[in-house]
Amino acid sequence: MHASLIQIAVNEDESVNSRRERAASLVVAQRGADLVVLPELWPVGAFAYTAFADEAEPLHGPTHEAMAKAAAEAGVWLHAGSFVERAEDGTLYNTSLVFSPEGERAASYRKIHRFGFDEGEAVMMGAGEELVTVALPQTTLGLATCYDLRFPEQFRGLVDAGAETMIVAAGWPERRRAHWTLLAQARAVENQAYVLAVGCAGTHAGVEQAAHSIVVDPWGEVLAEAGAGEEVLTVEFDPATTVTTRERFPALKDRRLGIAPRRLA
């Protein structure tokens, strides 16, 4: 498979409409790829909490429309990153969209683990309640967003649902970049799966972004890594490696579930 990770820069001097048009153009430019991935909350910025309500959209809003059109024009599977969704009941969600090469929406995923420790996203947005996988012709994607990367049980659930390639769309801060790399490799090794983790560049409401999007194979080897600025990281990978890795080193078969903790007197 040929994948393009679009590490778009988010800066306050660019309007959401302008960045949406620019992101669509970057997607279209990846014609010939099998899979294109955008980062978390790129329309507004992952830490731009004060803009969430004003920039929230319905599921079938302008971001959905622009990304569906771009996917069809490029003829690619597109994980369009995430945007601030306003549900019919008014609840805000951090929602990712996946489109087929025909521009049809194949899946949507509402972020399960909200960041903020009782502030920001954690109190402004609702929590997703469903694990989401997407079957492509070459591999099955498991969807996760940013802070989800710190919760291995979500990725185990995605493996149980058939995921072979994990997509992590993020707006990860630079001050915790070492965790970004470490956790991406850990999720790949423990689940014997590819991890394609794409972050933003730039600064969100004063928070410098880690960027350094990364692709890790099922053995934990880094296949490609981006730098600090806006760029398109391209990589070729063989989805069959997930299958052969799980067959040759069948650690997942040795999982033991439901063991009760021992309480010491």
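Residues numbered from 1 in each chain as written. Predicted model: local features only at pLDDT ≥ 70, side-chain atom pairs only at ≥ 80, totals over all residues. Heavy atoms only, no water.

## Quick notes on the nonpolar core
Nonpolar side chains in soluble globular proteins tend to end up buried together. Ranked by size, the top nonpolar core spans 26 residues in total, and within it Val27, Trp42, Met67, Leu78 and Phe99 carry the most contacts. Listing elements by their share of this core, those giving two or more residues are helix H1 (16-28), helix H3 (62-74), strand E4 (77-86) and strand E5 (92-99). Counting 24 residues, the second-largest nonpolar core is a separate cluster that includes Leu143, Ile167, Ala226 and Phe237. (Core = buried A, V, L, I, M, F, W, Y, C linked by side-chain atoms within 4.5 Å. Buried < 20%, exposed > 50% of the residue type's maximum accessible area, 1.4 Å probe, protein only. Helix = DSSP H or I, 4+ residues; strand = E, 2+ residues; numbered from the N terminus.)

## A word on the pattern of salt bridges
Overall, the coordinates contain ten salt bridges when judged by the stated rule. Residue Glu85 is joined to Arg110 by a salt bridge in which the shortest nitrogen-to-oxygen separation is 2.9 Å. With a gap of 25 residues between them, Glu85 in strand E4 and Arg110 in strand E6 (residues 105-110) connect regions that are remote in the sequence. Two residues, Asp160 and Arg255, come together in a salt bridge whose shortest N-O distance is 2.8 Å. Residue Asp160 is located in helix H5 (residues 152-160), and its partner Arg255 is located in the segment after helix H7 (240-248); the two are separated by 95 residues in the primary sequence. Given a relative accessible area of 27%, Arg255 falls into the partly exposed group. Sharing partners across several salt bridges, the network here consists of Glu14, Arg19, Arg22 and Glu230. (Salt bridge = Lys/Arg side-chain N within 4 Å of Asp/Glu carboxyl O.)

## Thoughts on the state of the cysteines
With the rule as written, the count across this model stands at zero disulfides. Cysteine Cys146 shares no disulfide, and the gap to the nearest cysteine sulfur, in Cys200, comes to 8.9 Å. (Disulfide = S-S within 2.5 Å.)

## So, the environment of Leu5
Positionally, Leu5 belongs in strand E1 (residues 2-7). Spatially, the C-alpha atom of Leu5 lies 25 Å from that of Thr244, the residues being 239 residues apart in sequence. Leave out the neighbours within four places in its chain, and Leu5 touches Val37, Leu196, Ala197, Val198, Ser213, Ile214, Val215, Glu231, Val232 and Leu233. (Contact = heavy atoms within 4.5 Å.)

## Here we look at the sheet that holds strand E3 (residues 35-37)
Taken in spatial order, the six strands of this open sheet run E6-E5-E4-E3-E1-E15, and their pairing is mixed. With one partner strand each, in any of the chains shown, E6 and strand E15 (231-236) form the two edges of the open sheet. On average, each strand axis in the sheet is inclined to that of its neighbour by 20 degrees, with strand direction left out of account. Packing against the sheet, H3 makes contact with E4, E5 and E6, and its axis sits at approximately 15 degrees to E5. (Pairing = 2+ DSSP bridges. Axes fitted to C-alpha atoms, helices over the stretch in contact; angles between N-to-C directions.)

## Examining the pairing of strand E8 (residues 140-145)
Counting buried positions over the six residues of E8 gives six, a clear majority of the element. Both strand E7 (residues 133-135) and E8 contribute to a ladder of three bridges, which runs antiparallel. Among the inter-strand pairings, Ala135 is bridged to a residue of E8, identified as Thr140. From the end of E7 to the start of E8, which pair antiparallel, there are four residues. Handedness of the β-α-β unit built from E8, H5 and strand E9 (residues 165-169) comes out right-handed. (Right-handed = clockwise from strand over helix to strand, strands pointing away.)

## Points about the environment of Met166
Along the chain, Met166 falls in strand E9. Through-space distance from the C-alpha of Met166 to that of Phe155 is 8.0 Å; in sequence the pair is eleven residues apart. Filtering out sequence-adjacent residues up to four positions away, Met166 remains in contact with Gly142, Phe155, Leu158, Val159, Asn191, Ala193, Tyr194, Val195 and Leu196.

## Concerning the sheet that holds strand E14 (residues 222-225)
As summarised here, the arrangement of the six strands in space is E7-E8-E9-E10-E13-E14, forming an open sheet in which the pairing is mixed. Either end of the sheet is taken by a strand with one partner, and the two such strands are E7 and E14. Averaged over neighbouring strand pairs, the angle between their axes works out to 15 degrees when direction is ignored. Pairing of strand E10 (residues 194-198) with strand E13 (residues 214-216) involves three bridges; the strand directions are antiparallel. Pairing of Val195 across the sheet is with Val216, part of E13. On top of the sheet, H5 reaches E7, E8 and E9; it is set at about 160 degrees to E8, its chief contact.

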